[in-house]
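What follows is the residue order along each chain.
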Amino acid sequence: MDKKEVTALFAHLEHGDGEKFFEHVADDVDWTVEGTHPLAGRYNSKKDFLAGTFDKLAKVLPEGAQLATRNVLVDGDWAIVELRSRATARNGMRFDNHYCWLCRFADGRIVEVRAYLDSWLVGELFRENPI
């Protein structure tokens, strides 16, 4: 994947079309969300990742994470994607988080991700908006 292709793929998340984005994620993706917060962990499938992260976020962010791509760097099979979330929680809390996803591609699909984010902010989101 080149920078233009990766940017186009992440544009689906920017436009709230997570389903289209996740069509390009392998079913057996190895996805690690770094940190110490309710979404952190290692997920060994797309299904488990979605249940452990996006499904939980949907319960506390009524309009979704509202992600925007800031930067994309590509080197071989790897892309580094910097994202920003500017969302509002159901209790009115601003959820302005920053992300860095290291994504490995194989045959045009994401097969591995290591995601870094503000752990404290995610923890605070769920403390103020329990599910």
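Everything discussed here concerns the structure shown above.
What counts and what doesn't
- Residues numbered from 1 in each chain as written.
- Predicted model: local features only at pLDDT ≥ 70, side-chain atom pairs only at ≥ 80, totals over all residues.
- Heavy atoms only, no water.
- Phe/Tyr/Trp six-rings, centres within 6.5 Å; stacked < 30°, edge-to-face > 60°.
- Buried < 20%, exposed > 50% of the residue type's maximum accessible area, 1.4 Å probe, protein only.
- Pairing = 2+ DSSP bridges.
- Helix = DSSP H or I, 4+ residues; strand = E, 2+ residues; numbered from the N terminus.
- Axes fitted to C-alpha atoms, helices over the stretch in contact; angles between N-to-C directions.
- Contact = heavy atoms within 4.5 Å.

1. Details of the packing of aromatic side chains
Point 1. Taken as a whole and judged by the stated rule, the model has eleven aromatic pairs.
Point 2. When the ring of Phe21 is compared with that of Phe22, the centres are 5.0 Å apart and the planes differ by 90°; the resulting orientation is edge-to-face.
Point 3. Overall, Phe21 belongs to the buried group, its relative accessible area being 0%.
Point 4. Phe22 sits in the buried class, given a relative accessible area of 7%.
Point 5. When the ring of Tyr43 is compared with that of Phe49, the centres are 5.7 Å apart and the planes differ by 80°; the resulting orientation is edge-to-face. Just as Tyr43 is buried, Phe49 falls in that class too.
Point 6. Taken together, the ring pairs in this structure connect Phe10, Phe21, Phe22, Trp31, Tyr43, Phe49, Phe54 and Trp101 into an aromatic cluster.

2. Describing the sheet that holds strand E2 (residues 41–43)
Two pairing modes exist for strands in a sheet, parallel and antiparallel, and in both the strands are linked by backbone hydrogen bonds.
Point 1. Spatially, the six strands line up as an open sheet ordered E2-E1-E6-E5-E4-E3, and their pairing is mixed. Two strands lie at the open edges of the sheet, namely E2 and strand E3 (67–75), each paired on one side alone. Looking at each pair of strands side by side, their axes are set apart by 20° on average, direction ignored.
Point 2. Two strands pair when backbone bridges link them, and E3 and strand E4 (residues 78–88) are joined in this way by eight bridges, in the antiparallel orientation. Paired with Asp75 across the two strands is Trp78, which belongs to E4.
Point 3. Of the strands in this sheet, E3, E4, strand E5 (94–106) and strand E6 (109–117) are in contact with helix H1 (residues 3–14), which crosses E3 at around 160°.
Point 4. Each of E5 and E6 touches helix H5 (residues 119–128); the most contacted strand, E5, lies at about 120° to it.

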